[in-house]
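# Structure at a glance
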Amino acid sequence: MKAARSMGFAPARIVVLTLLALGVAAAPFGRVVPIGGQAADLALDEARGVLYVANFTANRIDVVSLANAAITSSMNVLPQPYSVALSPDRRWLLVTHFGNFAAPQAPRNSLTLIDLNSAARQTFALSSAPLGAAFGIDGLALIVTESEFLLFDPVSGGVQTIGTIAQFAANTLPRPAGEFPASVVAVATGVSGDGRWIYCLAENYRFRYDVVGRQMVVLGYTAEPPMGPRVVSVNQDGTSYTGGWGLFDRQGIILSQFPNVSGLLQVGSHAIDSTRGLIYVHIPEGTGLNSTNLPPPVLRIVSSKNLALRETLQLPENLTGRSLLDASASTMYSISDSGVMFLPVGALANERRVSADREDLVLRSNSCSLSQLRGQIRVVDLSGAATAFYLSSGNGIRFSQSAGVTPATVDVIVDPSVAAPNPGTTVVEISITAPQSVRIPQAVRLVVNRREPDQRGTTVNVPGRLVDLIADPVRDRFYILRQDLNQVLVFDGSTHQLIRVLDTANTPTQMAITFDRRHLLVGHDNAQIAMVYDLDTFDAELPIRFPGGHYPRSIAASGRAILAAARVAGPEHKIDRVEMATRSASVYPSLGVWENKVDINTVLAASTNGASILIAQADGNVMLYNSTPDAFVISRRDSQRLSGAYASSNFEQFAIGNTILNSSLVPVHRFTGAQVSAGLAFSGENSFRLSPPGTMERLESTLATRPTRVAENPVEGNESFAFSRSLAVLANRQNFVLLTRSGFTVLPWTYDAATVPPRISRIGNAADGQPSLAPGSLVSLFGTDLSPISLSSSEMPISTALGESCLTVNGFAVPVFFVSPTRINAQLPFSLEGTATFVLRTPGGVSDSFAMTLRPTAPGVFQIPVPDADLTTPAVYNARNSGLATGSNPVKKGDHIVVFLTGLGRTSPEVEAGAPAPSDPLALTLIDPQISLGGTELPVLYAGLSPGTAGVYQINAQIPRHVPAGLLIPLEIQQGGSRVSVNVRVID
């Protein structure tokens, strides 16, 4: 479609995200006030405690009490009141009447001005149909008609023309039956909270009026589907506004847009809460919708920065026009099917809102254990209420309770042979429904990983839809795009821990790092900007603004130019050039001798030496930009269709899907097999290929060598974004990162090297390393080649599989929470007694058996490292100030102390190894410990597992007044036949 004037919109046919399923049963949020007609507009008068509702078809202004949510009176006015506007001083109510009847009837276009102090009324005839009105801070009303802009002074009744509208014609009356006011007039206005800016949305035009400067700017646009709902909402200072399905800045650039919209003018609404940084929005999602096939209405609460979803609430009926928030943003008033809806958005904390405590539940089985897997989810009501809920999932998945009342901890029991019959990772959903909850609970993604001994790599769970991966070429970091929450996730390359989250605009698609290595750029499918981040500070800088209607889906930076492949409103998609200095982009008039016309599915990949940028298109076309002549030097098509991985090397080699191309983009090698590569990476003269269902290969002279199976399937492209980037080489060249089904997988550089069986040399408790163990103890194994990678997990319950190592004791897989080449930390089952035989399995093989004898009790006090010193101090805490008892923070006579230990044996109630200890009831030790300080016995107030932890015990005791004082007073703990002693400083 051709853009009118300067502005275009991309079709709102957005990447359809594979979102977690929503429950189908929920309680409606909001109270409906029927008005016996069709509401067209509303104005909020908090001083008088009322809402004025323009009843378009009943020819009146209904006055609704804010206190009672009921109509208290009505003002009969001229026919077809379409818009109402309240003056800043709350004296004047201005009503526009859309009486644009066609011959043989006569037009009845007019204004009604109501003095709310005296109830006096005046009417003013208009020659053109009025389409909307809004008061500015100056006390004058801007009136938009089909032919001109008018300024109306309510005090004098004077009208001033400040501009005309060319080639614009309003709809005429009568209209076909069933149409709503929004689709009859098809124009909406909105004013900023400070009254300084007025915005208007019409068919093919958008208007911006500067109240103080009295300047009007008109922008033309095209949009498919139409810009619905036909509503305008403006933030407090007028710097951004929502119009239809777009979030715009003051200049009219789409900062973000709502995805998968219907384009219906008469269904939906939104309101911006500037204080909380939120937008409350109802826009029906889906194509081909009409009044007979609408989905159930929901109110989505999204970020006003980038439209990231925060929460979804069930509505009693459709919203159908303007929404307003009161001054405290506690109540939203919206036009709805029946009239008006009151939505107490500021009191959501008091509403029943059921939710799970996690997005993902990850269960892993391995060669140690193929038996049932167990995990836990906690279902809560965020309001604290006791609310009924129901759980459901697929075959092979059971729950300790499939129905219950919040709060509840539910065991999830999975038979991997049924739920996940194939090696690798299977993802299913646990659906939650809660009929009393206004919040529609998000499903929990259940990730079941079944790995075999030859599958390599350490998987790290990252929830959400992950769509792109790149490694920082100079910093020990890598970056992942999480598209469903509009985020860049920044991970440390050595620890693989999340270190920062950066907010993007809506639907991020691909990242790039500038050639000077200073900035990260992010392109989007639903924003006409590219985000820019300083990689030294992580600060978000001014974004790059693209031409109207251009959505930069893919970006790449060479030494000479930064290019973007843009999805464009209209039939032709383009390559744009980015100027970092001005933070703007412009369209190439041509790509050298070729037309600037690319497939909507186009990706760019730059070589790290800045020499070139590969342009790969799903329709089979490939191009090459070269920095040296600053030109597009090659264009050819040797395939009918391209998809999968893409990469550029520093040695003039390129890769797309299953094809390796030379410096002229001529195919020189095609990999065999039906599966298209998901990831390709060049490192120096080495290259690597990742292909489904999960095989990693080194490429030598275009021949694949030593194919190795990895832990789970890689992330692949789809119909809407055919290409994928699922493999990265970290800057330290010690690890690969793979974007895989449950998050990412880490592979060592030597993933395909010959392996060495693990060797256990010593085992001790994890508290102080002593070789005395008891049932339920936390233990540390020491040795060599215990794991190919270092990794820790704080996820509860603790999994029996971590990294590529698994540990059995007497044949049972035990929970493991830390692995490294020289040490492994795990927890023993509480049911063990007597001789315990340890066997460790890794990709290198199976260790020799290592036998230990377990005692009923074997207390060991945890040792805490002293900062900036190669020392430790016992985990004895002073309850008086919650600080660690040290020489500088001694305990006093009469104080209470808390000692953290492991090895106190079995408890009542019993707790499963790896599961968090309960707080109600508390898990008490079966054998009571005795504790003394300097030979004086201390009263024990509590001895048992520390709530919320796994394998950690605590003893709470009080220090009597008659204990001896001193620098190194022995604190001794005896339990059964075992004892342990540490020193603490005691003062009077």
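It should be emphasised that the depicted structure is a prediction, and the values quoted were computed from it without experimental measurement. (Residues numbered from 1 in each chain as written. Predicted model: local features only at pLDDT ≥ 70, side-chain atom pairs only at ≥ 80, totals over all residues. Heavy atoms only, no water.)

Looking only at helices and strands, one finds 2 helices and 91 strands in the protein chain. For the protein chain, the C-alpha radius of gyration of 33 Å lies close to 30 Å, the compact-globule estimate for 988 residues. Seen through its C-alpha atoms, the protein chain measures out along the principal axes to roughly 105 × 75 × 55 Å. The buried share of the protein chain, taken over its 988 residues, is 60%. Within the protein chain, one finds 72 positive and 77 negative side-chain charges whose respective centroids are separated by 1 Å. (Helix = DSSP H or I, 4+ residues; strand = E, 2+ residues; numbered from the N terminus. Rg over C-alpha atoms; globule rule 2.2 N^0.38 Å. Buried < 20%, exposed > 50% of the residue type's maximum accessible area, 1.4 Å probe, protein only. Lys, Arg positive; Asp, Glu negative; His and termini not counted. Charge placed at Lys NZ, Arg CZ, Asp CG, Glu CD.)

To continue, consider the packing of aromatic side chains. Evaluation of the coordinates by the stated rule reveals 18 aromatic pairs. Plain terms: the ring middles of Phe 491 and Phe 744 are 4.9 Å apart, the flat faces sit at 70° to each other, and that makes the pair edge-to-face. Taken together, the residues Phe 491 in strand 41 (residues 487-492) and Phe 744 in strand 66 (residues 743-748) connect sequence positions 253 residues apart. Overall, the relative accessible area of 0% leaves Phe 744 in the buried class. (Phe/Tyr/Trp six-rings, centres within 6.5 Å; stacked < 30°, edge-to-face > 60°.)

Here we come to the pattern of salt bridges. Should their charged atoms come close, side chains of opposite charge can pair. For the structure on display, the rule yields 35 salt bridges. A salt bridge links Arg 48 to Asp 45; its shortest N-O distance comes to 2.6 Å. In this structure Asp 45 comes out as buried when scored by relative accessible area, which is 0%. Of the charged contacts, one joins Arg 698 and Asp 752 as a salt bridge, the two residues approaching to 2.7 Å between their closest N and O atoms. One end of the pair, Arg 698, is in strand 61 (residues 695-700); the other, Asp 752, is in the loop between strand 66 and strand 67 (759-765), and 54 residues separate them in sequence. Connected via shared salt-bridge partners are Glu 311, Arg 353 and Arg 439. (Salt bridge = Lys/Arg side-chain N within 4 Å of Asp/Glu carboxyl O.)

Let's shift gears to the pairing of strand 41. Most of strand 41 is tucked away, with 5 of its 6 residues classed as buried. Bridge count for strand 40 (residues 477-482) against strand 41 is 6 bridges, and the pairing is antiparallel. Note that in strand 41 the partner of Arg 482 across the bridge is Gln 487. Hairpin remark: strand 40 followed by strand 41, antiparallel, with 4 residues in the connecting loop; positive phi at Asn 486, about 55°. Sheet topology note: the strand 41/strand 42 (residues 498-503) ladder contains 5 bridges and is antiparallel. (Pairing = 2+ DSSP bridges.)

In this model, the protein chain carries a mean pLDDT of 91, and residues with pLDDT of at least 70 account for 96%. Scored below 50 in pLDDT, residues 1-24 makes 99 contacts in the model with residues more than four places away or belonging to other chains. (pLDDT = per-residue confidence, 0-100. Contact = heavy atoms within 4.5 Å.)

You can see Val 447 is positioned in strand 37 (residues 444-450). Separated by 367 residues in sequence, Val 447 and Val 814 have C-alpha atoms that sit 20 Å apart. Setting aside residues no more than four positions away along its own chain, Val 447 makes contact with Asp 360, Leu 361, Val 362, Leu 363, Thr 425, Thr 426, Val 427 and Ser 742.

All right, on to the nonpolar core then. Membership of the largest hydrophobic core comes to 40 residues, with the highest contact counts inside it found for Ile 480, Phe 744 and Phe 838. Beyond its immediate chain neighbours, meaning those up to four positions away, Phe 744 contacts Thr 458, Thr 459, Val 460, Val 462, Phe 478, Ile 480, Phe 491, His 496, Val 737 and Leu 738. Leu 901, Leu 904, Ile 955 and Ile 969 belong to the second largest nonpolar core, which has 30 residues in total. (Core = buried A, V, L, I, M, F, W, Y, C linked by side-chain atoms within 4.5 Å.)

Turning our eyes to something else, we now look at the sheet that holds strand 31 (residues 373-381). With respect to topology, 4 strands assemble into an open sheet ordered 29-31-35-33, the strand pairing being antiparallel. Every other strand in the sheet has two partners, leaving strand 29 (354-356) and strand 33 (397-399) as the edge strands with one partner each. Taking each pair of neighbouring strands and ignoring which way they run, the sheet shows an average axis angle of 25°. One ladder, built from 3 bridges, connects strand 29 with strand 31; its direction is antiparallel. Bridge pairing in strand 31 links Val 354 to Asp 381. (Axes fitted to C-alpha atoms, helices over the stretch in contact; angles between N-to-C directions.)

Cis geometry marks the peptide bond from Met 796 to Pro 797, where omega comes out at -10°. When you line up the elements, Pro 797 lands in the loop between strand 69 (791-792) and strand 70 (806-809). In this structure, Pro 921 follows Asp 920 across a cis peptide bond, with omega equal to 5°. Considering the arrangement of structural elements, one finds Pro 921 in the loop between strand 84 (907-908) and strand 85 (924-925). The phi torsion at Asn 486 lies on the positive side, around 55°, for a residue other than glycine.

Note on sheets: strands pair through backbone hydrogen bonds, and any given pair is parallel or antiparallel. Judged by pairing direction, the sheet is antiparallel, and its 5 strands sit side by side in the order 67-68-73-72-69 without closing on themselves. Looking at which strands have only one partner, the edges of the open sheet turn out to be strand 67 and strand 69. As judged from the 2 bridges shared by strand 69 and strand 72 (residues 816-819), these two strands associate in the antiparallel manner. Paired with Ser 792 across the bridge in strand 72 is Phe 818.

Mapping Asn 650 onto the fold places it in the loop between strand 55 (644-648) and strand 56 (654-656). For the pair Asn 650 and Ser 683, spaced 33 residues apart in sequence, the C-alpha to C-alpha distance is 8.5 Å. In this structure Asn 650 touches Ser 607, Thr 608 and Asn 609, once residues within four positions along its chain are discounted. Reaching out from Asn 650, the side chain makes a polar contact with the side chain of Thr 608 at a distance of 2.7 Å. A polar contact is formed between the side chain of Asn 650 and the backbone nitrogen of Asn 609, at a distance of 2.9 Å. (Polar contact = N/O pair within 3.5 Å; in protein donor to acceptor, adjacent residues only side chain to side chain.)

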